[in-house]
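The lines below spell out each chain.
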Amino acid sequence: MIITHFFRGTNRTGPYFEGWYLKHQNRQGQILALIPAFHIDGRGRRTVSLQVISNGEAWWLEYPEAQLRFSRQPFQIQIGPSSFSSQGVTLHIEQDGLSLHGTLRYGPFAALPSDIMGPFRFFAGMQCSHGVISMGHSLEGTLDLNGEQIDFSNGIGYMETDRGRSFPSRYLWTQCVWDRPERGGLMLAIATIPLPVGGFTGCICSVFYRGREYRLAAYRGVKIEAWSSSGAVIRQGKYRLEAELLNERRQALRAPVEGRMERTVHESLCAEVRYRFWYGKDLLFQHTDGNASFEYSSTDCSPNIP
């Protein structure tokens, strides 16, 4: 499948943000996520940022717009001397207490057969649109993080993207990918969706299991039975997915509010989550993973970073 997620912010005016989430994990349980992003506030100020998240620490780096270069090819951007693309990443970062250097190469992407947003992708003025670029791909290469070499060879990567004005005021997001005893993975997002009059709670979910994608989404009639900071339960027809947070190590990240990266959210990059997927009374799989990502946020979106 051709990757259709490319940089869309060329001629945008504020407020606007666009970012990508690149997660890398190896077989020793070491994880590194990168979030390059572009943002425009309501006054038209344009900036670029990079958030780096490891198992135990997170860093925020901000750059002037002139440091951003992009290609009209599917997902290919450069921030300063570092590059991010569908082929991999090359990092040369030496600032603000962070030394990060090296190259990771990506294998073929496991792309979804259709846009995760479904018909919602045609809605003009969506507060936030989500995209899944790869549900899982192989990794090769080594990174040097503050003097420690981390070998990601034979590891697994994941990639997604968001764009719009702001993150939802309340949302839950979790993601996990594994390859033992067989390849599988999932992404689940639930969020309050504002409309000019009223609003609703939306849900998008993709489950990869035994070579097949199961799509559960609001536009396919999904029912949200429960969702909170401890997990979620959704049902669509005879399918039922349970995501239960067992343990977490949260780290503070920045998220957009009307194009400004002024909201603090807390993500667990390596949470322990138990997923159970049912078809009627049959349990298709149960998977507990300590390398899952989990994030729940509920706020009035008031800025809280000076």
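Residues numbered from 1 in each chain as written. Predicted model: local features only at pLDDT ≥ 70, side-chain atom pairs only at ≥ 80, totals over all residues. Heavy atoms only, no water.

### What about the overall build of the protein chain?
- Looking only at helices and strands, the protein chain has zero helices and 22 strands in total.
- Its C-alpha radius of gyration of 18 Å places the protein chain within 12% of the 19 Å reference for a compact globule of 306 residues.
- Overall, the protein chain is about 55 × 50 × 35 Å in size when its C-alpha atoms are taken along their principal axes.
- The buried share of the protein chain, reckoned over its 306 residues, is 53%.
- Only carbon and sulfur atoms are counted for the fraction: they give 47% of the accessible area of the protein chain, which is about 13500 Å². (Helix = DSSP H or I, 4+ residues; strand = E, 2+ residues; numbered from the N terminus. Rg over C-alpha atoms; globule rule 2.2 N^0.38 Å. Buried < 20%, exposed > 50% of the residue type's maximum accessible area, 1.4 Å probe, protein only. Areas by Shrake-Rupley, 256 points an atom, 1.4 Å probe, with all protein chains shown as cover.)

### Observations concerning the state of the cysteines
- In the structure shown here, the tally under the stated rule is zero disulfides.
- In this structure Cys203 is not part of a disulfide, and its nearest cysteine sulfur, from Cys205, lies 6.1 Å away.
- Since its relative accessible area comes to 3%, Cys203 is described here as buried.
- The structure places no disulfide on Cys270, whose sulfur is separated from the nearest cysteine sulfur, that of Cys176, by 12 Å. (Disulfide = S-S within 2.5 Å.)

### Brief notes about the environment of Gln175
- Of note, Gln175 is situated in strand E13 (residues 170-178).
- Between the C-alpha atom of Gln175 and that of Arg121, which follows or precedes it by 54 residues, the distance is 21 Å.
- Apart from residues lying up to four places away in sequence, Gln175 is in contact with Lys23, Tyr158, Leu186, Met187, Tyr275, Ala292 and Ser293.
- There is a polar contact of 3.2 Å between the side chain of Gln175 and the side chain of Lys23. (Contact = heavy atoms within 4.5 Å. Polar contact = N/O pair within 3.5 Å; in protein donor to acceptor, adjacent residues only side chain to side chain.)

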